[in-house]
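What follows is each chain in one-letter form.
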Amino acid sequence: MPTEHRRILVAIDGSHASDRALDEAIGLARLSHAELRIIHVLDDLSISMAFNPYAGYYTGELISQLRQDGAQLLARAASRASAAGAVVQTALYDDLGLPVRERILEIARSWPADLIVMGTHGRRGVDRALLGSCAEGVVRAASVPVLLVRAA
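Residues numbered from 1 in each chain as written. Predicted model: local features only at pLDDT ≥ 70, side-chain atom pairs only at ≥ 80, totals over all residues. Heavy atoms only, no water.

A. Here's a closer look at the sheet that holds strand β4 (residues 115-120). As summarised here, the arrangement of the five strands in space is β3-β2-β1-β4-β5, forming an open sheet in which the pairing is parallel. Taken across any chain shown, the strands that pair with only one partner, and hence form the sheet edges, are β3 (87-93) and β5 (146-150). If you compare each strand with its neighbour and ignore which way they point, the axes differ by 20° on average. (Pairing = 2+ DSSP bridges. Helix = DSSP H or I, 4+ residues; strand = E, 2+ residues; numbered from the N terminus. Axes fitted to C-alpha atoms, helices over the stretch in contact; angles between N-to-C directions.)

B. The pairing of β4, seen in detail. Buried residues dominate β4, accounting for six of its six residues. Where strand β1 (residues 7-11) lies against β4, four bridges are found, and the strand directions are parallel. Paired with Val 10 across the bridge in β4 is Val 117. With five bridges connecting them, β4 and β5 associate as parallel partners. Bridge assignment links Ile 116 to a residue of β5, and that residue is Val 146. (Buried < 20%, exposed > 50% of the residue type's maximum accessible area, 1.4 Å probe, protein only.)

C. Looking closely at the nonpolar core. Among the nonpolar cores identified, the biggest contains 20 residues, and Ile 8, Val 10, Ile 12, Leu 22, Leu 36, Ile 38 and Val 117 are the most heavily contacted of them. Residue assignment for this core shows that the elements contributing at least two residues are β1, α1 (16-32), β2 (35-41), α3 (59-83) and β4. The element that contributes the greatest number of residues to this core is α1, accounting for six residues. The next biggest cluster of nonpolar side chains, apart from the first, holds 17 residues, and it includes Ala 91, Ile 104, Ile 107 and Ile 116. (Core = buried A, V, L, I, M, F, W, Y, C linked by side-chain atoms within 4.5 Å.)

D. Geometry of the pairing of β1. Most of β1 sits out of view: four of its five residues are buried. Of the pairings in the sheet, the one linking β1 to β2 comprises five bridges and is parallel in character. Note that in β2 the partner of Val 10 across the bridge is Ile 38. Between the parallel elements β1 and β2, the chain passes through α1 in a crossover that is right-handed. (Right-handed = clockwise from strand over helix to strand, strands pointing away.)

E. How the structure looks around the packing of helix α4 (residues 100-110) against helix α6 (residues 134-141). Where α4 meets α6, the axes come as close as 8 Å, and the angle between the chain directions of the two elements is 40°. The angle between the axes of α4 and α6 places the two elements in the oblique class. The handedness of the crossing between α4 and α6 comes out as right-handed. Residue-level inspection shows Val 100, Arg 101, Ile 104 and Leu 105 of α4 in contact with α6, the latter providing Cys 134, Gly 137, Val 138 and Ala 141. Considered class by class, the residues forming the contact of α4 with α6 number six nonpolar, one polar and one charged. (Parallel < 35°, antiparallel > 145°, perpendicular 65-115°, else oblique. Left-handed = near helix turned anticlockwise from the far one by under 90°. Contact = heavy atoms within 4.5 Å. Nonpolar A, V, L, I, M, F, W, Y, C, P; charged D, E, K, R; others polar.)

F. Layout of the side chain of Thr 120. On the secondary structure map, Thr 120 appears in strand β4. If we skip the residues at most four places from it in the chain, Thr 120 touches Ala 17, Ala 135, Leu 148, Val 149, Arg 150 and Ala 151.

G. View of unusual backbone geometry. A cis amide bond, omega -10°, links Trp 111 with the succeeding residue Pro 112. In this fold, Pro 112 is placed in the loop between α4 and β4. The phi angle at His 33 is positive, at roughly 55°, despite the residue not being glycine. With respect to the helices, strands and loops of the structure, His 33 is situated in the loop between α1 and β2. Assessed through its relative accessible area of 67%, His 33 is described here as exposed.

H. Quick look at the confidence of the model for the chain. Per-residue confidence for the chain gives a mean pLDDT of 84; residues scoring 70 or more make up 78%. For the stretch residues 125-131, pLDDT sits under 50, and the model shows five contacts to residues farther than four places along the chain or on other chains. (pLDDT = per-residue confidence, 0-100.)

Next up, the structure:
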């Protein structure tokens, strides 16, 4: 990794692909003595997918639970990064209304990141057309290099 990459942004969502991306980002951060910023973004889609009208949740309770789960996810990720000797900070973004890919790009610009690392599920065809690809959207619009790490 070139030495100019001193700020690495890694987006995680708790999936196997994002776990692998985190591992890669930690390794790169250690090799290049880079600062690592781990983020988790809540969005409208994650809330609607988690919503179960029969479970007795109110929307406020559901959002609160998703925030708590996101904070725990970030804490575990920070612990892994710190244990590996990486300099790390975390951030949870839960201001709804902006697609995840747009939020990641905004964070990468404002922080500012030298590299974005994220997992991808490698969907093709109809699955990708129906679900979209956050990773693809980030790659297309990012002004910095993006490392995609595929799920095994």
